[in-house]
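Architecture and fold: a report
Listed here are the chains, written in short residue letters.
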Amino acid sequence: MTLILVSLFAIFVVLIGLNLIRENNFIIYKETDDKIIIRYYPLHPFHDKFKSIEISKQTFSHFELQKRSMGLREDLFLFQMSAKGLAKYPGISLSALSREQRAELLGSLSKYSKK
């Protein structure tokens, strides 16, 4: 009985660890006439504040996707042209998005990408 409880606890800890590695985010994407707005909320208990990125469509350069954590997580990096050169925003984990949501987001960003 003790072995079963220890095994279940170990599985629980591994699953929680994998969830933390993926860094799932609740993402809100909006387009206005002149801006691209992405707000995201981390979906794990150690973060409670949302983050927001607002980029003018005229200064938006491009985006890149990068796989991390042994392919468990895919991050979106946004780039913006500024007076000092190309600025790179911190990555946003897309792991919690469905295929349709991901395709819609990337399709919209592709319309404004200059690369």
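Whatever comes next refers back to the structure up there.
The text that follows walks through the structure, step by step, so that each part is easy to find. (Residues numbered from 1 in each chain as written. Predicted model: local features only at pLDDT ≥ 70, side-chain atom pairs only at ≥ 80, totals over all residues. Heavy atoms only, no water.)

**Focus on the pattern of salt bridges**
Inspection of the entire model under this criterion finds five salt bridges. One salt bridge in this structure joins Lys-57 and Glu-31, with 3.6 Å as the shortest N-O distance. With Lys-57 in the loop between strand 3 (51-56) and strand 4 (60-68) and Glu-31 in strand 1 (residues 25-31), this residue pair connects regions lying 26 residues apart in the sequence. With a relative accessible area of 32%, Glu-31 lands in the partly exposed category. (Salt bridge = Lys/Arg side-chain N within 4 Å of Asp/Glu carboxyl O. Helix = DSSP H or I, 4+ residues; strand = E, 2+ residues; numbered from the N terminus. Buried < 20%, exposed > 50% of the residue type's maximum accessible area, 1.4 Å probe, protein only.)

**Description of the pairing of strand 1**
Both faces of the sheet carry side chains from a regular strand, because those side chains alternate between them. Where strand 1 lies against strand 2 (residues 35-42), seven bridges are found, and the strand directions are antiparallel. When the bridges of strand 2 are listed, Tyr-29 appears paired with Ile-38. Between strand 1 and the antiparallel strand that follows it, strand 2, lie three residues. (Pairing = 2+ DSSP bridges.)

**Quick notes on helix 2 (residues 99-112)**
The end-to-end C-alpha separation of helix 2 is 21 Å, in line with the 20 Å expected for 14 residues at 1.5 Å each. Residues Leu-105, Leu-106, Ser-108 and Leu-109 constitute the buried set of helix 2. Buried residues of helix 2, seen end-on, are gathered within an arc of 155 degrees and therefore sit on one face of the element. Structural note: helix 2 exposes Arg-99, Glu-100, Glu-104 and Lys-111 on the side pointing more than 90 degrees away from its buried face. Buried residues in helix 2 make contact with strand 1, strand 2, strand 4 and strand 5 (73-82). (Expected span 1.5 Å × (residues − 1). Arc of directions from axis to C-beta. Contact = heavy atoms within 4.5 Å.)

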